[in-house]
Amino acid sequence: MIRFLPLALLMFLHVAAQAADGESVYVGKVLNVSKSRIELDLASSVMHIGFVSDKDTMRLLERVKRGQEVRAVFNAVAADSGASINRLLAIRACAPVDAECDADRQNNSEEDKEQQKTLAAAKQKRQLCSQAMDATLARDPRYVPKFPAPASAAFQAQYKTLTSDERACAKRFSQAHQGAFIEACEMHRCGDNVGGGCLHMAAYLMYDSVLDKAIQKCRK
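Each chain carries its own residue numbering, running from 1 in the written order of its sequence. Local features are withheld for residues below a pLDDT of 70 in this predicted model, meaning they are given only at 70 or higher, and side-chain atom pairs are given and counted only at 80 or more; totals for whole chains, interfaces and linings count all residues. Side-chain measures here rest on the full set of heavy atoms in the structure, leaving out hydrogens and waters.

Run through the environment of Arg 167, naming residues and quoting values.
In this description a helix means any DSSP run of H or I spanning at least four residues, a strand means any run of E spanning at least two, and both kinds are numbered starting from the N terminus. Tracing the sequence through the fold places Arg 167 in helix H4 (residues 164-187). Separated by 47 residues in the primary sequence, Arg 167 and Ala 214 have C-alpha atoms spaced 8.9 Å apart. Non-local contacts of Arg 167, meaning those with residues more than four positions away in its chain, are made with Tyr 159, Lys 160 and Leu 162. Working rule for contacts: check all heavy atoms of both residues, and any pair within 4.5 Å makes them a contact.

See the structure below:
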């Protein structure tokens, strides 16, 4: 598995060993490193971390080589824009016998196992939700299932030949299709963990089969 921690701090929720309040520790082999990004192999996953650092920490970073196992400590700070970013606080190579690295490596492993359980549970929930939605939508005549169709340009060309009244009819048809999806989505709470929720998901429903059915229904 590959996980990304960009400069915007998308994944500081995956906290590793807690070195101190608000700090996160990762122990892993360095795959790539630069002045603002490090790629660590944590055994069970690969983590990409974007960060900022001060001059003292940058000097420590300059000693890091690819292939080394390192212990890296980060925290979250506010950028000028108000967003959170990662700050590298400390980094060092792990020694052959290194109790601190051993403890943090074990904590990383345990955290990763917990995250995998959470992801697996979320995936199962999405699958069950999708099945429930499909059953509900199959009974709703407003909803148009997706089917393999010719290039959208073919339907768009037909749509352009519709009169203004026919286009208004097609628009109402498409809105009813989206409404059916949103109602089923909200009924089964399928948008709870999606940015923008069911409305955001419904924005991707205007596929060719909807346009085709709208043209068939509304052309006089």
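Describe the pattern of salt bridges, naming the residues involved and giving the relevant values.
By convention in these notes, a salt bridge is any Lys or Arg side-chain nitrogen within 4 Å of a carboxyl oxygen on Asp or Glu. Summed over all chains, the structure comprises 11 salt bridges. The closest approach of N and O atoms between Arg 105 and Asp 102, which form a salt bridge, is 2.8 Å. Remark: Asp 102 and Arg 105 occur in helix H2 (residues 99-138); sequence separation between them is 3 residues, near one turn of the helix. Classification of Arg 105 by relative accessible area gives partly exposed; the value is 31%. Judged by its relative accessible area of 39%, Asp 102 falls in the partly exposed class. A single salt-bridge network, built from bridges that share partners, covers Arg 71, Arg 92, Asp 98, Glu 100 and Asp 104. Throughout this description, buried means an accessible area under 20% of the type-specific maximum (1.4 Å probe, protein chains only), exposed means over 50%, and partly exposed covers the range between.

Give a detailed account of the packing of H2 against H4, specifying residues and quantitative values.
Angles shown run from 0 to 180 degrees and are taken between the N-to-C directions of axes, each axis being a line fitted to C-alpha atoms and, for helices, limited to the stretch in contact. With their axes 9 Å apart at the nearest point, H2 and H4 run at an angle of 140 degrees to one another. In terms of orientation, H2 and H4 fall into the oblique class. In this structure, the crossing between H2 and H4 has a hand that is right-handed. In this structure, H2 uses Met 133, Thr 136 and Leu 137 to contact H4, whose residues at the interface are Ala 180, Phe 181, Ala 184, Cys 185 and Met 187. Residue classes in the contact of H2 with H4 are distributed as 7 nonpolar, 1 polar and no charged. When describing relative orientation, an angle under 35 degrees is termed roughly parallel and one over 145 degrees roughly antiparallel, while 65 to 115 degrees is termed roughly perpendicular and anything else oblique. Take the far helix as your reference; a near helix turned counterclockwise from it by less than a right angle gives a left-handed crossing, and one turned clockwise gives a right-handed crossing. Amino acid classes used here: Ala, Val, Leu, Ile, Met, Phe, Trp, Tyr, Cys and Pro are nonpolar; Asp, Glu, Lys and Arg are charged; the rest, including Gly, are polar.

Just give me the short version of the state of the cysteines, but keep the residues and values in it.
Cysteine sulfur atoms are paired as a disulfide whenever they fall within 2.5 Å. Applying the stated criterion across every chain, the model contains 4 disulfides. For Cys 129, the disulfide goes to Cys 190, at an S-S distance of 1.5 Å. The S-S bond linking Cys 129 to Cys 190 shows a torsion near -115 degrees; that makes this disulfide left-handed. Remark: Cys 190 occurs in the loop between H4 and helix H5 (197-202) and Cys 129 occurs in helix H2; sequence separation between them is 61 residues. For Cys 129, a relative accessible area of 11% gives the class buried. Taken in sequence order, the bonded cysteines of the protein chain link in the pattern 1-2, 3-6, 4-8, 5-7.

Which residues make up the confidence of the model for the protein chain, and what values go with them?
For the protein chain, per-residue confidence averages 85 on the pLDDT scale, and 88% of positions sit at 70 or higher. Each residue carries a pLDDT score, the predictor's own confidence in it, on a scale running from 0 to 100. Between the elements of the protein chain, mean pLDDT differs from a low of 43, seen in strand E1 (residues 2-5), to a high of 95, seen in strand E3 (residues 37-41). Of the regions scoring below 50 in pLDDT, residues 1-19 engages in 72 contacts with residues more than four places distant in sequence or in other chains.

Explain the environment of Gln 158 to me, and be specific about the residues and the numbers.
By the secondary structure assignment, Gln 158 is in helix H3 (residues 152-160). Taking C-alpha positions, Gln 158 is 7.7 Å from Ile 215, a pair spaced 57 residues apart along the chain. Setting aside its immediate chain neighbours within four residues, Gln 158 contacts Ile 215 and Arg 219.

Before we move on, can you summarise the pairing of strand E2 (residues 23-33) with the specific residues and values?
In this analysis, strands are considered paired if DSSP registers two or more bridges between them. Pairing of E2 with strand E5 (residues 69-78) involves 7 bridges; the strand directions are antiparallel. Its bridge partner lying in E5, Tyr 26 is registered against Ala 72. Direction of pairing for E2 relative to E3: antiparallel, over a ladder of 4 bridges. Within E3, the position partnered with Val 33 by the bridge is Ile 38. The hairpin formed by E2 and E3 contains 3 residues between the paired strands.

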